[in-house]
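# Examination of the molecular architecture
As a plain string of letters, each chain reads:
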Amino acid sequence: MRGFDSYLTFQKLEVFCTVAELGSVTRAADRLCIAQPVVTAHLRSLESRLGYSLVARSGRNIALTEAGERVYRWAAEVISRTREIERELAGMEKGSAGNAVIATSMSVGSYSLPPLISAFHRKHPDGLITVQISNPQAALDATRIGGCDFAVILLAPTQDLGGLMAIPLWEDDLLLVCAPSSQWTRGGPQDVDLQAVPFISTPKNLARRELEDMQLRKYGLETRHVVMELGHPEAAKHAVREDIGLSFMLACSVRDDIRRGDLVALEWPGMSMKIPTYLVHREDKRFSAYQSGLVQFLLESSGR
């Protein structure tokens, strides 16, 4: 191996990571707005300097070799940490201007965060806030490698928080909702058999589903008849409105629908379920003045 040297420019690493993430030289060229031969040249130059093949043809796409996988993990962290320090320096001296990247999940990023970051922006109009919406695990991964400055997410008990600090923000009610005049609730809520009626829920591999199932087990609901698993709350609401089944949904995602009468919240005697949201950052994270102001604003807005 020839080793790492000054020829391993940031641009070469960025091109390589884009190819790795998209699995295509052509798509990477389109994403980066450069010619395809330029992308290929950067890849070949990188491989030449390192002395290893990093990519290989896999059907119509590009796959990483074993060496490519290792270099990608390193290069992705280099890029993330570089972007991170750029954001920190951008707002180091004054809090009115700067950049912040927040990683979050579907419900939090679609409903809870927008009003808060809009309110913060009105106070600091010169700053830039970027919200990356994915899922809690991806948000934690981005937090660890510097792909974001902090995350605002739901946390399942099984998630690894090594090296991270989690600060409680707020709790959201988990509501049982159905379509107006639903066929499943004609006898009233007291006659609904929660173990028999069809349910729309989130996929099992998501923290949101794990938290929901954990809450329901407290009330003796160990099993349900889940007929549809949807990853976005808007898709789940559509299925509920079509009366495919009932769904437990975060209040923040259905509050407007209930007010308009598009959905109905079923009152279940003795059942009260709340899901906490956390602000998560690296233990060694050093915030810029702008980022610190945003974190403090979120904490104060949640009553912390």
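This section reports on the structure supplied with the text. Quantities reported herein were computed from a predicted structural model and do not represent experimental measurements. (Residues numbered from 1 in each chain as written. Predicted model: local features only at pLDDT ≥ 70, side-chain atom pairs only at ≥ 80, totals over all residues. Heavy atoms only, no water.)

Let's shift gears to the packing of helix H2 (residues 25-32) against helix H3 (residues 36-50). Two elements in contact, H2 and H3, have axes whose closest approach is 8 Å; the angle formed by their N-to-C orientations is 110 degrees. The angle between H2 and H3 falls in the class roughly perpendicular. Residue-level inspection shows Val25, Thr26 and Ala29 of H2 in contact with H3, the latter providing Gln36, Val39, Thr40 and Leu43. (Axes fitted to C-alpha atoms, helices over the stretch in contact; angles between N-to-C directions. Helix = DSSP H or I, 4+ residues; strand = E, 2+ residues; numbered from the N terminus. Parallel < 35°, antiparallel > 145°, perpendicular 65-115°, else oblique. Contact = heavy atoms within 4.5 Å.)

Contact geometry for helix H1 (residues 10-22) and H2: axes closest at 8 Å, N-to-C directions at 125 degrees. Here H2 runs oblique to H1, going by the angle between their axes. In terms of crossing hand, the pair formed by H1 and H2 is right-handed. Within the contact between the two elements, H1 uses Val15, Thr18, Val19 and Leu22 and H2 uses Val25, Arg27, Ala28, Arg31 and Leu32. When its residues are assigned to classes, the contact of H1 with H2 shows six nonpolar, one polar and two charged. (Left-handed = near helix turned anticlockwise from the far one by under 90°. Nonpolar A, V, L, I, M, F, W, Y, C, P; charged D, E, K, R; others polar.)

Here we come to the pattern of salt bridges. Under the definition given, this model contains 17 salt bridges. Salt-bridge contacts for lysine 237 lead to glutamate 234; the nearest nitrogen and oxygen are separated by 2.9 Å. On the criterion of helical spacing, the pair formed by lysine 237 and glutamate 234 is a turn pair, its members being three residues apart in helix H8 (residues 233-241). On the basis of relative accessibility, which here comes to 3%, the residue lysine 237 falls in the buried class. The class of glutamate 234 is partly exposed, set by a relative accessible area of 35%. The network of salt bridges with common partners includes Arg208, Arg209, Glu212, Asp213, Arg224 and Glu229. (Salt bridge = Lys/Arg side-chain N within 4 Å of Asp/Glu carboxyl O. Buried < 20%, exposed > 50% of the residue type's maximum accessible area, 1.4 Å probe, protein only.)

Within the secondary structure, glutamine 36 sits in helix H3. Taking the C-alpha atoms as reference, glutamine 36 lies 6.6 Å from valine 25; in sequence the two are 11 residues apart. Apart from the residues lying within four places of it in its own chain, the contact partners of glutamine 36 are Val25, Thr26 and Ala29.

Quick look at the pairing of strand S11 (residues 274-282) now. Consecutive side chains along a regular strand alternate between the two faces of the sheet. Where strand S5 (residues 150-154) meets S11, four bridges bridge the pair, whose relative direction is antiparallel. Across the sheet, residue leucine 154 finds its bridge partner in S11, namely threonine 277. Inspection of the sheet shows strand S6 (residues 164-178) paired to S11 by nine bridges, in the antiparallel sense. When the sheet's bridge partners are listed, tryptophan 170 is paired in S11 with threonine 277. (Pairing = 2+ DSSP bridges.)

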